[in-house]
Amino acid sequence: MARGNAVWARVYYRNTTGEELRSVLTLMGPGGRTVELHCAPAAHDEPGTCETPRVPSSDTPGSATAIAEFVGAGPVEEASLLLRAGSERAPGSRG
């Protein structure tokens, strides 16, 4: 997402599994800048959001990308990847 000279990432979710999940939301900007946020979606059917802090960006809004990954509970090395979603702006679109 972008507004003015700030960019940030947001993911909307609904955890209907009844199990604890973990997620990582990563915002990657130009120049190798990265913001990573760990979220713990509650195990209920209510919608929720996870959002990175807003960071300044002097580049065009489309120069930043975001990735959201949701994994199951348990040891990190054994947790299954349930969902990976990324952003990609259409050519000529604005934030």
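Procedures and definitions
Residues numbered from 1 in each chain as written. Predicted model: local features only at pLDDT ≥ 70, side-chain atom pairs only at ≥ 80, totals over all residues. Heavy atoms only, no water. Helix = DSSP H or I, 4+ residues; strand = E, 2+ residues; numbered from the N terminus. Contact = heavy atoms within 4.5 Å. Phe/Tyr/Trp six-rings, centres within 6.5 Å; stacked < 30°, edge-to-face > 60°. Lys NZ or Arg CZ within 6 Å of the ring centre and 35° of its normal. Pairing = 2+ DSSP bridges. Axes fitted to C-alpha atoms, helices over the stretch in contact; angles between N-to-C directions. Disulfide = S-S within 2.5 Å. Buried < 20%, exposed > 50% of the residue type's maximum accessible area, 1.4 Å probe, protein only. 1 Å grid on protein atoms, 1.4 Å probe; cavity = no way out; pocket = protein on both sides within 12 Å on 5 of 7 lines; lining within 4 Å. Points joined across faces, edges and corners; volume = space filled by probe spheres on them. Nonpolar A, V, L, I, M, F, W, Y, C, P; charged D, E, K, R; others polar. Core = buried A, V, L, I, M, F, W, Y, C linked by side-chain atoms within 4.5 Å.

**Brief notes about the side chain of Thr-26**
Stage number 1. Take Thr-26: it is sitting in strand E4 (residues 21-28).
Stage number 2. Setting aside residues up to four positions removed in sequence, Thr-26 forms contacts with Thr-34, Val-35, Glu-36, Thr-65, Ala-66 and Ile-67.

**A short note on the packing of aromatic side chains**
Stage number 1. Under the definition given, this model contains one aromatic pair.
Stage number 2. Taking the ring centre of Trp-8 as reference, the NZ or CZ of Arg-54 above it sits at 3.6 Å.

**Topic: the sheet that holds strand E5 (residues 34-39)**
Stage number 1. Across the sheet, which stays open at both edges, the four strands sit in the order E5-E4-E8-E9 with antiparallel pairing between neighbours. The sheet is open, and its two edges are formed by E5 and strand E9 (81-86), each paired on a single side. The mean angle between the axes of side-by-side strands here comes to 10°, regardless of whether they run parallel or antiparallel.
Stage number 2. Relative to E9, strand E8 (residues 65-72) is paired through five bridges, and the arrangement is antiparallel. Within E9, the position partnered with Glu-69 by the bridge is Arg-84.

**Considering the state of the cysteines**
Stage number 1. Applying the stated criterion to the full structure yields one disulfide.
Stage number 2. With a sulfur-sulfur separation of 1.6 Å, Cys-39 is cross-linked through a disulfide to Cys-50. Of this pair, Cys-39 sits in strand E5 while Cys-50 sits in strand E6 (residues 47-51), placing them 11 residues apart in sequence. Accessibility assignment for this pair places Cys-39 and Cys-50 in one class, buried.

**Re the layout of surface pockets**
Stage number 1. Within this model, the second largest pocket holds a volume of roughly 150 Å³.
Stage number 2. Along its surface, the second largest pocket is lined by Arg-22, Ser-23, Val-24, His-38, Cys-39, Glu-69, Val-71, Val-76 and Leu-81.
Stage number 3. Counting residues per element, the ones that place at least two in the lining of the second largest pocket are E4, E5 and E8.
Stage number 4. The element that contributes the greatest number of residues to the lining of the second largest pocket is E4, accounting for three residues.
Stage number 5. For the lining of the second largest pocket, the residue count by class is five nonpolar, two polar and two charged.

**Points about the nonpolar core**
Stage number 1. Membership of the largest hydrophobic core comes to 14 residues, with the highest contact counts inside it found for Val-11, Leu-25, Leu-27 and Cys-50.
Stage number 2. Those elements giving two or more residues to this core turn out to be strand E3 (10-14), E4, E5 and E8.
Stage number 3. No other element matches the three residues that E8 contributes to this core.
Stage number 4. With sequence-adjacent residues up to four places away left out, Leu-27 is seen in contact with Val-7, Trp-8, Ala-9, Arg-33, Thr-34, Val-35, Thr-52, Val-55, Ala-64, Thr-65 and Ala-66.

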